[in-house]
Amino acid sequence: MTNPFSSSTRSHRRVAAVLALAALATAAACGNSSTATSTTATTGTTATTAALSGTITVSAASSLTGAFGTLGTMFQSAHPGTTVSFNFGSSGTLATQIEQGAPADVFASASTQDMTPVQHAGDIAGTPVIFARNSLEIVVKPGNPLGIHSLAGLDKAGVVAICVKTAPCGFTADQALAKAHVTIPTSKVTLGQDVDSTLAEVTTGDADAAIVYVTNAKSVGTLGVGVPIPTAQNVPTSYPIATVKTTTNKALSQAWIAYVLSPTGQAVLRQASFLPAH
Amino acid sequence: MTVAFLAIPLVGLLTKASWSTLWSDLTTPVAVDALKLSLVCSLWATGLSLVLGVPLAWVLARTRLPGRNLVRALTTLPMVLPPVVGGVALLLAFGRDGLLGRFLYDWFGIQLTFSTAGAVLAETFVAMPFLIITVEAALRSMDGRYEEAAANLGAGRWTTFRRVTLPIISPSLVAGTALTWARALGEFGATITFAGDIQGRTQTLPLAVYLALQDDEHVAIALSLALLAVSVVVLVSLRGRWLGAVSS
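Note that the coordinates shown come from a computational prediction; the quantities given were computed from them, not determined experimentally.

## Brief notes about the overall build of chain B
Thought 1: Summing up its helical and strand segments, chain B has 12 helices and zero strands in all.
Thought 2: Its helices and strands in sequence order give chain B the pattern α-α-α-α-α-α-α-α-α-α-α-α, from N to C terminus.
Thought 3: The principal-axis extent of the C-alpha atoms belonging to chain B is close to 65 × 50 × 30 Å.
Thought 4: Residues counted as buried form 38% of the 248 residues belonging to chain B.
Thought 5: Across chain B, the fraction of contacts at a sequence separation of at least 24, relative to all contacts at a separation of at least 6, is 77%.

Below, the structure written as structure tokens:
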């Protein structure tokens, strides 16, 4: 009886196994290369559903965490085989990251003031498009125990949380306070790196008030109470979105932007209390 | 290669510094406030660590109290806990709605969060274990016969401690104190979570660096250099002693 495991048979099996693995690996690699297969134009997502694939990283302002999170899930189910990962943070920080070469595909900023330097540095492909607007609101502890009803009323607060001035929520808050002729002493202001951590100072911390966006105030639930700021004192901000020049998946990036601008995308943003772009 | 791994970031810091504007960067209001506050808070934290930590180290090393091992584990915990987690824990304990904090606030009107005292508390929490560990190790490894001899000659416990024990462990005590101070100076996560980021009140050097990174990068680098200089001075003056060795 011949030995089924004779050395020549064994080496044949080994070669066959290696070839099979190589074939699998090549197939996987081909399947993942996105640029070759996508042929989309910027509009008309439905026609190109089958062609979209790959991964993109969207650097987005932290105020977009809820809305973009929802949109991301919806987009990925509508386009199986695609992955949209998010890098949320303060728009100022995100802009710096992109200028210094961070691998983002799309940049969604909470203000045009953070998008413009990135454009001037030549890191944006095409022209940014405004997809939403936001304005400021004060958030206080549940039940508003200190009775703060306006920016002027913030002098009743022991500690007020405001975003750092390099974040859009920060510089618009400073502008709103100037418009209302209100000065809060530095010793009463704690600075938050982005709007989410600023809000957290009231919802989970001991700050008495925070100046955040309307979208944050509307989503705070039982953890806080929103105090509106009248239009005369308020400072709205426009959110631009654009493809980053060094994107590795232009088609998917443009499809994402189109999705955000589509009625579906705008409906989700509206539900999160963002104002329309106009 | 390991040395390069450790050295290259420091070299990067030195080369990217804006040496011509260094003095003006270090004298901006934000920088001056941060430097003063860091000095005050870290010295207070070190003082508190000495007052609270040395007796505890003595109890752990010299007595046979039950539950010593648990206490020792508890005192080491802040060393391994991520600092921001320490901050969250402090918030849950000493915040206005916290376990203990609610009584401090409701009965005495004391609020530790967003205060300089809060920053000191956060720094003490993370830095004191370094002192306890160093001093306990020194006490354990010293020759107990000196203390016995002193007792035999009629010295009381406190006199023995003051005139026999302390001089013997002083190198380790000094090393432990320096390490504790450096750790308190560099604390970020617990401070920003518990005490917030208020210029002049709780915005210590590391917090100011974090802020300046977005705003004035060269100020951030200047402040980082200040911290680096302090760390180098501490390490050079310790000259390898902080590992707990005792000179007899």
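## Observations regarding the domain arrangement of chain A
All names here are of chain A.
Thought 1: Considered domain by domain, chain A is made up of domain 1 (40–133 + 238–271) and domain 2 (136–228).
Thought 2: For domain 1 and domain 2, the distance between their C-alpha centres works out to 28 Å.
Thought 3: Every contact between the two is made by 12 residues of domain 1 and, on the other side, 12 residues of domain 2.
Thought 4: Counting residues per element, the ones that place at least two in the side of domain 1 that touches domain 2 are α3 (65–78), α4 (91–99) and α5 (112–120).

## Considering the pairing of strand β1 (residues 54–61) of chain A
Residue and element names in this part refer to chain A.
Thought 1: Of all eight residues in β1, seven are buried, a share of seventy percent or more.
Thought 2: When β1 meets strand β2 (residues 82–89), the two strands line up parallel, connected through eight bridges. Following the sheet pairing, I56 is matched in β2 by V84.
Thought 3: Handedness of the crossover is the feature at issue here: the chain leaves β1, passes through α3, returns alongside β2, and the resulting connection is right-handed.

## Considerations on the packing of helix α11 (residues 205–215) of chain B against helix α12 (residues 217–238) of chain B
All names here are of chain B.
Thought 1: α12 packs onto α11 with a crossing angle of 155° between their chain directions and a minimal axis gap of 7 Å. As far as their axial angle goes, α12 and α11 are roughly antiparallel. For the pair α11 and α12, the sense of crossing is left-handed. Contacts between α11 and α12 involve L205, A208, V209, A212 and L213 on the former and, on the latter, E217, V219, A220, L223, S224 and L227.
Thought 2: A class-by-class count of the residues in the contact of α11 with α12 yields nine nonpolar, one polar and one charged.

## Observations concerning the interface of chain B and chain A
Thought 1: Each partner contributes to the interface: chain B provides 15 residues, whereas chain A provides 15 residues.
Thought 2: Classifying every residue of the side of chain B that touches chain A gives four nonpolar, seven polar and four charged.

## Some thoughts on the sheet that holds β2(A)
Residue and element names in this part refer to chain A.
Thought 1: Taken in spatial order, the five strands of this open sheet run β2-β1-β3-β10-β4, and their pairing is mixed. Each end of this open sheet is capped by a strand with a single partner; those strands are β2 and β4 (124–134). Within this sheet the neighbouring strands show an average axis-to-axis angle of 20°, counted without direction.
Thought 2: Judged from the three bridges that link them, strand β3 (residues 106–108) and strand β10 (residues 237–244) form a sheet pairing that is antiparallel. By the bridge assignment for β10, V106 is matched with T243.
Thought 3: Strands β1, β2, β3, β4 and β10 of the sheet are contacted by helix α9 (residues 250–261), whose axis makes an angle of about 155° with β10.

Cut-offs applied
- Residues numbered from 1 in each chain as written.
- Chains lettered and ligands numbered in written order.
- Predicted model: local features only at pLDDT ≥ 70, side-chain atom pairs only at ≥ 80, totals over all residues.
- Helix = DSSP H or I, 4+ residues; strand = E, 2+ residues; numbered from the N terminus.
- Buried ≥ 20, exposed ≤ 12 C-beta atoms within 10 Å, placed from the backbone.
- Contact = placed C-beta atoms within 7 Å.
- Domains from an automatic or database assignment.
- Pairing = 2+ DSSP bridges.
- Right-handed = clockwise from strand over helix to strand, strands pointing away.
- Axes fitted to C-alpha atoms, helices over the stretch in contact; angles between N-to-C directions.
- Parallel < 35°, antiparallel > 145°, perpendicular 65-115°, else oblique.
- Left-handed = near helix turned anticlockwise from the far one by under 90°.
- Nonpolar A, V, L, I, M, F, W, Y, C, P; charged D, E, K, R; others polar.

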